Amino acid sequence: MRLFSVGAGASDERARQGVAEHPSAPIPIVGPGIGETIRAALGETGFETFPLMLGAAEFGWNVDLETSHGILDRYVEFGGNAIHTADGFSGGRSEHIIGQWLRSRGQRDRSVVSVRVGAHADNPGLGSVNLVRAVEGSLTRLGVDRIDVLYLDATLDATTNLEDTLATVEWMTEAGKIGALGAFGFAPERLVEARILASAGYPRIQVIDAPYNLVRRQPFEGDLRLVAGAQNLAVTPSHALEHGFLSGRHRSKALTSRGVRGEQLRGHLNRRGIKILRALDQVAEEVSAPVAAVSIAWLLAQRTIAAPIVNAFASDHVDELMQGAGVSLSRSQVAELTRAGN
């Protein structure tokens, strides 16, 4: 079943109805998103989000301000409400761009904003001092009073005492600066340690971000998934399309771009990668949806997955991605895609 069709949106509907915008309006006048009623509980955080988070890793890096705002506008037109960024994305430029958009569109109260901290060059790690500086810096760049979901990034810091980190989070939560707590790069045993501390009164980790998709199945499909299920953690997997490979747009090594991203894409153009793309093509034809949407639908069919994090380079990419929330895959289709990646 397709919930959204490519190119559909509130702006198209307004155009068909002949509704004119005021000539002095600084931004497009938009009505409710067509998928605004589609919400999923983000674990036990109390937040409800569209089952697809818009990642902002490209904002300020490969995507300029105007294009970034167009992507955000399109996402909201489809009913999206969850935006994910990190203080290390483009040295904080991504947060500036999101903050400008939230203010100009008046979307703060309607958006769930999540931020990953711990990898910014000025405030690396999860020590108490750097953590406070990182959160304050993100709040300033975003121009908001609270980060709805704060993800602790442990990729650069696996040694800081977790009790100290959680005590700092508790203080900032009581001050109203943090809504809910998430984790990125945490080993399963560290999540267990965090749950033990939570039973003693420290803030509880309720969401985890783990890179996961049809190509990248490990390490999530192991102890990490078992711990997530046992602790009832909401999983918001990043790299949902594996740097764009699972969109089906990149199928030739000769045509892939140069640089780091091109190298990543070429690394998947092997026997296994081509097998996965062929399986995606088959299912996409069966359900009449783009390959990218089917890749997202496979993730949403997995146990514990709440809302994949996806990045976009252009507003028309959003049209394809958002359809993933409306594609219902059969058990046999899910199994076929899973077998292709084994």
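Residues numbered from 1 in each chain as written. Predicted model: local features only at pLDDT ≥ 70, side-chain atom pairs only at ≥ 80, totals over all residues. Heavy atoms only, no water.

**Some remarks on the overall build of the protein chain**
And then number 1: For the protein chain, the helix and strand inventory stands at twelve helices and twelve strands.
And then number 2: Residues classed as buried in the protein chain amount to 54% of the 342 residues present.
And then number 3: Once local pairs closer than 6 in sequence are excluded, the contacts in the protein chain between residues at least 24 apart make up 78%.
And then number 4: Accessible surface for the protein chain amounts to roughly 14800 Å². Of this, 51% is attributable to carbon and sulfur atoms. (Helix = DSSP H or I, 4+ residues; strand = E, 2+ residues; numbered from the N terminus. Buried < 20%, exposed > 50% of the residue type's maximum accessible area, 1.4 Å probe, protein only. Contact = heavy atoms within 4.5 Å. Areas by Shrake-Rupley, 256 points an atom, 1.4 Å probe, with all protein chains shown as cover.)

**Describing the packing of aromatic side chains**
And then number 1: Per the counting criterion, the structure on display carries two aromatic pairs.
And then number 2: Between the aromatic rings of Y212 and F220, the centroid separation amounts to 4.7 Å while the plane-to-plane angle is 45 degrees, which identifies the pairing as tilted.
And then number 3: Between the aromatic rings of Y212 and W298, the centroid separation amounts to 5.7 Å while the plane-to-plane angle is 50 degrees, which identifies the pairing as tilted. One end of the pair, Y212, is in the loop between β10 (205-209) and α7 (220-230); the other, W298, is in helix α10 (residues 291-300), and 86 residues separate them in sequence. Comparing Y212 with W298 shows no difference in burial state: the two are buried.
And then number 4: When the ring centre of F184 is taken as origin, the NZ or CZ atom of R116, which lies over that ring, is 3.9 Å away. (Phe/Tyr/Trp six-rings, centres within 6.5 Å; stacked < 30°, edge-to-face > 60°. Lys NZ or Arg CZ within 6 Å of the ring centre and 35° of its normal.)

**Considerations on the pairing of strand β8 (residues 147-153)**
Put simply, side chains in a regular strand alternate between the two faces of the sheet.
And then number 1: For β8, a buried count of seven out of seven residues is recorded, marking the element as mostly surrounded by other parts of the structure.
And then number 2: Pairing geometry for strand β5 (residues 112-117) and β8, over four bridges, is parallel. The partner of R116 across the bridge, within β8, is Y151.
And then number 3: This β-α-β element, β8 to helix α5 (residues 162-174) to strand β9 (residues 178-184), shows right-handed connectivity. (Pairing = 2+ DSSP bridges. Right-handed = clockwise from strand over helix to strand, strands pointing away.)

**Side note on the pattern of salt bridges**
And then number 1: All chains considered together, the criterion is met by 15 salt bridges.
And then number 2: A salt bridge links R105 to D73, with the nearest nitrogen and oxygen atoms 2.8 Å apart. Within this pair, whereas R105 is found in helix α3 (residues 93-105), its partner D73 is found in helix α2 (residues 65-77), the two being separated by 32 residues in sequence.
And then number 3: Under the relative-accessibility criterion, R105 is labelled partly exposed at 22%.
And then number 4: Accessibility expressed as a relative area gives 17% for D73, which makes it buried.
And then number 5: D148 is the salt-bridge partner of R108, the closest N and O atoms lying 3.1 Å from each other. Of this pair, R108 sits in the loop between α3 and β5 while D148 sits in strand β8, and the two are 40 residues apart along the sequence. (Salt bridge = Lys/Arg side-chain N within 4 Å of Asp/Glu carboxyl O.)

**Observations regarding α5**
And then number 1: Taking 1.5 Å per residue, 13 residues should reach 18 Å; α5 reaches 18 Å between its end C-alpha atoms and fits that length.
And then number 2: Among the residues of α5, L162, T165, L166, T168, V169 and M172 are the ones counted as buried. All buried residues of α5 fall inside an arc of 155 degrees around its axis, so they share one side.
And then number 3: Contacts from the buried residues of α5 go to α4 (128-142), β8, β9 and α6 (188-199).
And then number 4: Residue N161 occupies the N-cap position of α5, its side-chain oxygen lying 2.9 Å from the main-chain nitrogen of E163.
And then number 5: Of the residues flanking the end of α5, it is G176, one or two places downstream, whose phi is positive at about 85 degrees. (Expected span 1.5 Å × (residues − 1). Arc of directions from axis to C-beta. Polar contact = N/O pair within 3.5 Å; in protein donor to acceptor, adjacent residues only side chain to side chain.)

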